[in-house]
Amino acid sequence: MTRSPSSPGFWRSPLRGPWLTSVLGVVLLGGITVLFVTGLVSYAAYNPNLAPVNDKTPDKGILGFYLFSWPTDPHWLYRLNQGVHVTLGITLIPVLLAKLWSVIPRLFALPPARSLAHALERISLLLLVGGALFEFVTGVLNIQLDYIFPGSFYTLHFYGAWVFFAAFVAHAVLKTPAAVRNLRRLREDDSSDPVPSDPVPSDLVSPRPDPPTVSRRGALWFVGGGTLLLFATTVGQSFDGLLRRTALLAPHGGADPGSGPNGFQINKTARYAGIDTAETTEDAWRLVVTGRTGTVRLSRAELARLPLHSAALPIACVEGWSTSDQWWRGVRLRDLAVLVGYDDDPPDVLVESLQRRGAFRRAALRANQVADPRSLLALYVNGEDLSPDHGFPARIIVSAAPGVLNTKWVARMTFGDL
Ligand SMILES: Nc1nc2c(c(=O)[nH]1)N[C@H]1C(S)=C(S)[C@@H](COP(=O)(O)O)O[C@H]1N2
Ligand SMILES: [Mo]
């Protein structure tokens, strides 16, 4: 019977046991809670109540709840949140895999259900393991391959998160007390044996263990080392210069940004977005602004003659990478609102791009974002004209907002409550 994975003797590693499962479980309890919270915060940062422009999730119902308009302070808010979400998610992968390895004998346990309670528990584990794998795989694919699911990653990752987290909460409530108990007993058990017999009797402990090839401490170093390696090759994505080059596992955007004032990370290039330079010349391009009092058309030269202001703000992408603060210079969004009849309190705005190719066309901003004096329709960055790849002739830049709301190659802005 030992040839069948459903017989306990099939699993021979002396490392399996409540101690390993408990240590990894406690790490994941903290880590996944942070992932879920930063994920929800990231969702809120899109201002999902500006549906259907910013959030097209079908039938989201109460799962798509939001509690507040996304703030514009502190200006690094989204940068920090998303850096933590993505970098932590990547670095938890070895812990997740080790945790699944530690409990794999249970996947094959027979009979499939000993009781109704046991059957329910196993179904919840299906959602837990399936949900975890689904969230980690969709997340990693999205950041590595730049949106291989056009439009739908957001929906998949969003619904996946709720299924996963529901199962995670149930699992944590059921298992945390035992995990903490196991860890306590483990601390008291000061045997010098590298792989001491587990102080807690469990079906996870192999009845016929092979001789150990690595100590417990060695096993944890192996997992922790994998985690450190992933951390070291990811975290650079949140910084500039040489550090960014250490981010071997993080995406590097659409193109090499080169050096100089426009030499910072590019998401999608003008060529990728299908921007024809003939459309962006001084003669051809007009910004079309619409509001309460009608429509105004402005050339880039006319915009440049309006009062210009500067703001030091980062680009922080949902994929986790960010730039340090760049010096943007342009027209305040609230000054543009004044041009079309909103003198006192500016409303929301719908921003549309020249872009025709790719998933991206438009994004909406909340009134509080329009009102912030740092929110600009930028014409210049770091003292130079925007480059074509960074959105020439004009792009949006908003404090603390996800990069995706900073529309490049702006063609049209429609002010009014959305
Ligand atoms: N028109 C348009 N605007 C866009 C995008 C795009 O693909 N098309 N990408 C957005 C995303 S997802 C990010 S992170 C930022 C990146 O800005 P950058 O390429 O100047 O760094 O631009 C945003 N604005
Ligand atoms: Mo982005």
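A.B. asks: Where do I start with the pairing of strand β2 (residues 294-298) in this structure?
C.D. replies: Two faces make up the sheet, and in a regular strand the side chains alternate between them. Strand direction decides the pairing type here: strand β1 (residues 287-291) and β2, joined by five bridges, are antiparallel. By the bridge assignment, G291 is partnered in β2 with G294. Where β1 folds back onto β2 in an antiparallel hairpin, the turn is made up of two residues.

A.B. asks: Sorry, what's going on with the domain arrangement of the protein chain here?
C.D. replies: It is common to give the size of an interface as the accessible area lost on bringing the parts into contact. If you check the domain split of the protein chain, you get domain 1 (8-232) and domain 2 (277-415). Computed from C-alpha coordinates alone, the two centres of domain 1 and domain 2 are separated by 39 Å. Contacts between domain 1 and domain 2 engage 26 residues on the former and 30 residues on the latter. For the pair domain 1 and domain 2, the summed buried area comes to about 2,300 Å², and 54% of that belongs to carbon and sulfur atoms.

A.B. asks: Just to check I follow, could you spell out the environment of V27 for this structure?
C.D. replies: Within the fold, V27 resides in helix α1 (residues 18-45). In this structure, the C-alpha to C-alpha distance between V27 and K99, residues 72 residues apart in sequence, is 9.9 Å. Setting aside its immediate chain neighbours within four residues, V27 contacts L92 and V95.

A.B. asks: Help me understand the nonpolar core in this model?
C.D. replies: Generally speaking, soluble globular proteins have nonpolar side chains that are buried together. Judged by nonpolar contacts, the single largest core of 33 residues is most densely connected at L377, M413 and F415. At the level of secondary structure, the elements contributing two or more residues to this core comprise β1, α9 (333-339), β5 (349-353), β6 (362-365), β7 (376-381) and β10 (410-415). Among the elements that take part in this core, β10 stands out by supplying four residues, more than any other. With residues up to four places along the chain from it excluded, the contact list for M413 reads L287, V288, V289, T290, L333, L336, V349, L350, V351, L377 and I396.

A.B. asks: Would you explain the sheet that holds β1 in this entry?
C.D. replies: The strands that make up a sheet pair up through hydrogen bonds in the backbone, lying either parallel or antiparallel. In space, the five strands of this open sheet follow the order β2-β1-β10-β5-β6, with mixed pairing throughout. Each edge of the sheet is formed by a strand with only one pairing partner; in this case those strands are β2 and β6. Adjacent strand axes in the sheet meet at a mean angle of 15°, parallel and antiparallel pairs treated alike. Here β5 runs beside β10; their pairing, made up of five bridges, is antiparallel. The residue of β10 that forms the bridge with L350 is T414.

A.B. asks: When you look at the packing of aromatic side chains in this model, what are you seeing that I'm missing?
C.D. replies: By convention here, two paired aromatic rings are described through the distance between centres and the angle between planes. Enumeration according to the criterion identifies 12 aromatic pairs in this entry. Between Y43 and Y154, the aromatic rings sit 6.0 Å apart at their centres with planes inclined by 35°, giving tilted as the arrangement. With a gap of 111 residues between them, Y43 in helix α1 and Y154 in helix α5 (residues 153-188) connect regions that are remote in the sequence. When sorted by exposure, Y43 lands in the same class as Y154, which is buried. Through pairs of rings, three or more aromatic residues link up here, namely F36, W162, F164, F165 and F168. We note R16 situated over the ring of W101; from NZ or CZ to the ring centre the distance is 4.0 Å. Lying across the ring of Y380, R300 places its NZ or CZ 5.3 Å from the centre.

A.B. asks: So what exactly am I meant to see when it comes to a negative patch on the surface here?
C.D. replies: A cluster of acidic residues, D343, D344, D345 and D417, forms a negative patch at the surface. Tracing the backbone shows D343 in the loop between α9 and β5.

A.B. asks: Please clarify how the site of ligand 1 should be interpreted in this entry.
C.D. replies: Close to ligand 1 lie 19 residues; Q265, Q355, H390, R395 and K408 are nearest. Within the contact set of ligand 1, an oxygen atom lies 2.6 Å away from a backbone nitrogen or oxygen of Q265. If ligand 1 stood free it would expose 540 Å²; the protein chains cover 98% of that surface. Residues of the shell around ligand 1, tallied by class, amount to eight nonpolar, eight polar and three charged.

A.B. asks: What exactly am I supposed to notice about the packing of helix α3 (residues 93-107) against helix α6 (residues 216-232) here?
C.D. replies: Think of two packed helices as two axes; the pair is described by the angle between the axes and how far apart they sit. Where α3 contacts α6, the two axes come as close as 8 Å, and the packing angle between them is 155°. By the angle class used here, α3 and α6 are roughly antiparallel. For the pair formed by α3 and α6, the contact residues are I93, P94, V95 and A98 on the first element and V223, G226, T227 and L230 on the second. Grouping the amino acids of the contact of α3 with α6 by side-chain chemistry returns six nonpolar, two polar and no charged.

A.B. asks: It is not clear to me how α3 should be interpreted in this structure. Could you clarify?
C.D. replies: Think of an α-helix as turning once every 3.6 residues; residues three or four places apart then point the same way. End to end, α3 covers 20 Å across 15 residues, agreeing with the expected 21 Å (1.5 Å per residue, within 8%). Taken as a whole, α3 carries its principal kink of about 35° at W101; the proline P105 stands between one and four residues after it. The set of residues buried in α3 consists of P94, V95, L96, A98, K99, S102 and P105.

Criteria and thresholds
- Each chain carries its own residue numbering, running from 1 in the written order of its sequence.
- Both sets of labels track the order of writing: A upward for chains, 1 upward for ligands.
- Only residues with pLDDT of at least 70 get local features here, since the model is predicted, and only at 80 or more are side-chain atom pairs given and counted; chain-wide, interface and lining totals rely on the full set of residues.
- Each side-chain value is worked out from all heavy atoms of the structure, with water and hydrogens disregarded.
- DSSP calls a pair of strands paired once it identifies at least 2 bridges connecting them.
- Working definition: helices are DSSP H or I runs of at least four residues, strands are E runs of at least two. Numbering for both runs from the N terminus.
- A domain assignment, automatic or from a database, supplies the domain bounds used here.
- Pairs of residues are marked as contacts when any of their non-hydrogen atoms sit within 4.5 Å.
- Joining two parts hides part of their accessible area as seen by a 1.4 Å probe, and the buried area is that hidden amount summed over both.
- Note on terminology: a nonpolar core comprises buried Ala, Val, Leu, Ile, Met, Phe, Trp, Tyr and Cys residues joined through side-chain atoms within 4.5 Å.
- Using a 1.4 Å probe on the protein chains alone, a residue whose accessible area is under 20% of its type maximum counts as buried, one over 50% counts as exposed, and one in between counts as partly exposed.
- What counts as an axis is a line fitted to C-alpha atoms, over the stretch in contact for a helix, and the angles between N-to-C directions run from 0 to 180 degrees.
- Two aromatic rings, drawn from Phe, Tyr or Trp (for Trp, its six-membered ring), form a pair once their centres lie within 6.5 Å of each other, and the interplanar angle then sorts them: stacked below 30 degrees, edge-to-face above 60, tilted otherwise.
- Charge over a ring is defined by NZ of Lys or CZ of Arg lying within 6 Å of the ring centre and within 35 degrees of the ring normal.
- Each patch is built from salt-bridge-free residues with over 30% relative accessible area, joining like charges within 9 Å and nonpolar side chains (Val, Leu, Ile, Met, Phe, Trp, Tyr) within 5 Å.
- Each accessible area is a Shrake-Rupley estimate made with a 1.4 Å probe; only the visible protein chains count as cover when residues are assessed.
- Salt bridge, as applied in this entry: a Lys or Arg side-chain nitrogen positioned within 4 Å of an Asp or Glu carboxyl oxygen.
- Asp and Glu count as negative and Lys and Arg as positive, but His and the ends of the chain are not part of the count.
- Note on charges: their place is set at NZ of Lys, CZ of Arg, CG of Asp or CD of Glu.
- Put simply, a residue is near a molecule or strand once any heavy atom of it comes within 4 Å of that molecule or strand.
- Pairs of N or O atoms within 3.5 Å make up the polar contacts considered here, provided that, within protein, one atom can donate a hydrogen while the other can accept it, and that residues adjacent in sequence are counted only when both atoms are side-chain atoms.
- Charged means Asp, Glu, Lys or Arg here, nonpolar means Ala, Val, Leu, Ile, Met, Phe, Trp, Tyr, Cys or Pro, and polar covers whatever is left, Gly included.
- An angle below 35 degrees is read as roughly parallel, one above 145 as roughly antiparallel, one from 65 to 115 as roughly perpendicular, and any other as oblique.
- Here the expected span of a helix is defined as 1.5 Å times the quantity of residues minus one.
- A residue's bend is the angle separating two fitted axes: one through the seven residues that end there, the other through the seven that start there.

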